[in-house]
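# An overview of the molecular structure
So you can see what is in the structure, the chains are spelled out below.
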Amino acid sequence: MPLTPVSDLITAARPGGLGAFNVITLEHAEAIAAAAESAKRPVVLQLSENTASYHGSLAPLTLACLRIAADSSADIAVHLDHATTPELVRAAVDLGIRSVMYDGSTLDYAANVASTADITRWCHDRGVHVEAELGEVGGKDGAHAPGVRTDPDEAVEFVATTGVDALAVAVGSAHAMHTRTATLDNDLITHLAAKVPVPLVLHGSSGVPDEGLRAAVDHGITKVNIATRLNVLMTESIRTTLATTPTLSDPRKYLTPARAAIQAEVAHFLHLLAD
């Protein structure tokens, strides 16, 4: 099936939320696509700047994800997550990615607006969907306090000035959480959804419990990004397999159950967000 634009996936997912899951290994991508097929729900395969650095290049895993998406019966988009440089955005678009997240959230407001607007114009000239971030989502050395949460009025101005297609907002989640104990500010989500004319994106969703994610979608979050939760389950599965079979050396023997663990969790999230 041809790649589906993220904007179309957002529409297809409504009234629920669109699940977007980060890919670090080929097994992640295979599991996410399989879960989308079984759940009959749209999904986004996301590749981050950190993952590109880990592999030494964006191209190999991106091309694999594009092929997995093309071969799948599910509606799948491939998305570049948390790019901090124009060069990486251009590289992703050259490879065939049609949705990017430019992250200028660590810049001051004026610099974030200017750089995001430049990248958005360049991407729109090529038919590419652009997500940006305003406020600062916690974790990965980022801030995590009410003072850096997204201001609704500033968000309206930011979207109007930059022309972005979606906005990641800081509403109480944090990246790289291993416990699911984050509490979201649903009143803030409601205010943002009422004022901001583009879909809202929740980053750091791995640390939010099921009921919190469901409430976030009900209050106006459209796209839900999940990464760490899948890595935790993958690693737990590998540890368990190697502990029970310490002489095992064939990666296929321990990656198969790990891939199955990711698939089951993605399917769970897709059903949760669809309810």
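Anyway, here's the lowdown on the structure attached to this text. Just so you know, these numbers come straight off a predicted model, no measurement behind them.

## A look at unusual backbone geometry
- A cis amide bond, omega 10°, links R14 with the succeeding residue P15.
- Summarising the element assignment, P15 is placed in the loop between helix 1 (6–13) and strand 1 (18–22).
- Of note in this structure, K40 is not a glycine but carries a positive phi near 55°.
- Secondary-structure assignment places K40 in the loop between helix 2 (26–39) and strand 2 (43–48).
- For K40, a relative accessible area of 71% gives the class exposed.
- Unlike most non-glycine residues, H82 shows phi in positive territory, near 55°.

## Some thoughts on the packing of helix 7 (residues 152–162) against helix 8 (residues 186–195)
- Put simply, helix 7 and helix 8 touch, their axes get as near as 9 Å, and they point 35° apart. For the crossing formed where helix 7 meets helix 8, the hand is right-handed. Between helix 7 and helix 8, the contacting residues are P152, D153, A155 and V156 on the first element and L188, H191, L192 and K195 on the second.
- Of the residues contributing to the contact of helix 7 with helix 8, the split by class is 5 nonpolar, 1 polar and 2 charged.

## A few points about the nonpolar core
- By size, the foremost hydrophobic cluster in this structure holds 74 residues, and its most contacted members are F21, L80, V100 and L167.
- With 10 residues, the single largest contributor to this core is helix 11 (residues 251–274).
- Excluding residues that lie within four positions of it along the chain, F21 makes contacts with I32, V43, V44, L45, Q46, I226, L230, V266, F269 and L270.
- One finds A13, A20, V44 and A77 within the second-largest nonpolar core, a separate group that totals 8 residues.

## Comments concerning the pattern of salt bridges
- Tallying each qualifying case throughout the model produces 9 salt bridges.
- Its salt-bridge partner being D71, residue R67 comes within 3.0 Å of it at the nearest N-O pair. Linking R67 with D71, this pair stays in helix 4 (residues 59–71), spanning 4 residues, or about one helical turn. By the burial criterion, R67 is exposed, and D71 matches it.
- Close ionic contact of D118 with R121 constitutes a salt bridge, the shortest N to O distance being 2.3 Å. Taken together, the positions of D118 and R121, both in helix 6 (residues 109–124) and 3 residues apart, correspond to about one turn of that helix.
- Judged by relative accessible area, D118 falls into the partly exposed class, the value being 46%.

## Description of helix 11
- The terminal C-alpha atoms of helix 11 lie 34 Å apart, and with 24 residues this matches the ideal 34 Å at 1.5 Å per residue to within 8%.
- All buried positions along helix 11 are accounted for by Y254, L255, A258, I262, E265, V266, A267, F269, L270, L272 and L273.
- The secondary structure elements touched by the buried residues of helix 11 are strand 1, helix 2, strand 2, helix 9 (210–219), strand 8 (221–226) and helix 10 (228–244).
- At the N-terminal boundary of helix 11, the capping side chain belongs to D250, with an oxygen 3.0 Å from the backbone nitrogen of R252.

## A look at the sheet that holds strand 1
- Pairing in this closed barrel of 8 strands is parallel, and the strands run 1-2-3-4-5-6-7-8 around the ring. The sheet shows a mean angle of 25° between the axes of neighbouring strands, taken without regard to direction.
- Bridge analysis of strand 4 (residues 99–102) against strand 5 (residues 129–134) gives 4 bridges, and the strand direction is parallel. The residue bridging Y102 from the neighbouring strand is A132, located in strand 5.

## Points about helix 4
- The end-to-end C-alpha distance of helix 4 is 18 Å, a good match for the 18 Å that 13 residues give at a rise of 1.5 Å each.
- Residues L61, T62, C65, L66, I68 and A69 constitute the buried set of helix 4. Along the long axis of helix 4, the arc covered by the buried residues comes to 165°, so they all point the same way. Opposite the packed face of helix 4, turned more than 90 degrees from it, sit the exposed residues P60, R67 and D71.
- Looking at the buried positions of helix 4, the neighbouring elements they touch are helix 2, strand 2, helix 3 (49–55), strand 3 (76–83) and helix 5 (86–95).

Cut-offs applied
Residues numbered from 1 in each chain as written. Predicted model: local features only at pLDDT ≥ 70, side-chain atom pairs only at ≥ 80, totals over all residues. Heavy atoms only, no water. Helix = DSSP H or I, 4+ residues; strand = E, 2+ residues; numbered from the N terminus. Buried < 20%, exposed > 50% of the residue type's maximum accessible area, 1.4 Å probe, protein only. Axes fitted to C-alpha atoms, helices over the stretch in contact; angles between N-to-C directions. Left-handed = near helix turned anticlockwise from the far one by under 90°. Contact = heavy atoms within 4.5 Å. Nonpolar A, V, L, I, M, F, W, Y, C, P; charged D, E, K, R; others polar. Core = buried A, V, L, I, M, F, W, Y, C linked by side-chain atoms within 4.5 Å. Salt bridge = Lys/Arg side-chain N within 4 Å of Asp/Glu carboxyl O. Expected span 1.5 Å × (residues − 1). Polar contact = N/O pair within 3.5 Å; in protein donor to acceptor, adjacent residues only side chain to side chain. Pairing = 2+ DSSP bridges. Arc of directions from axis to C-beta.

Don't take any of this as a statement about function, it's just geometry.
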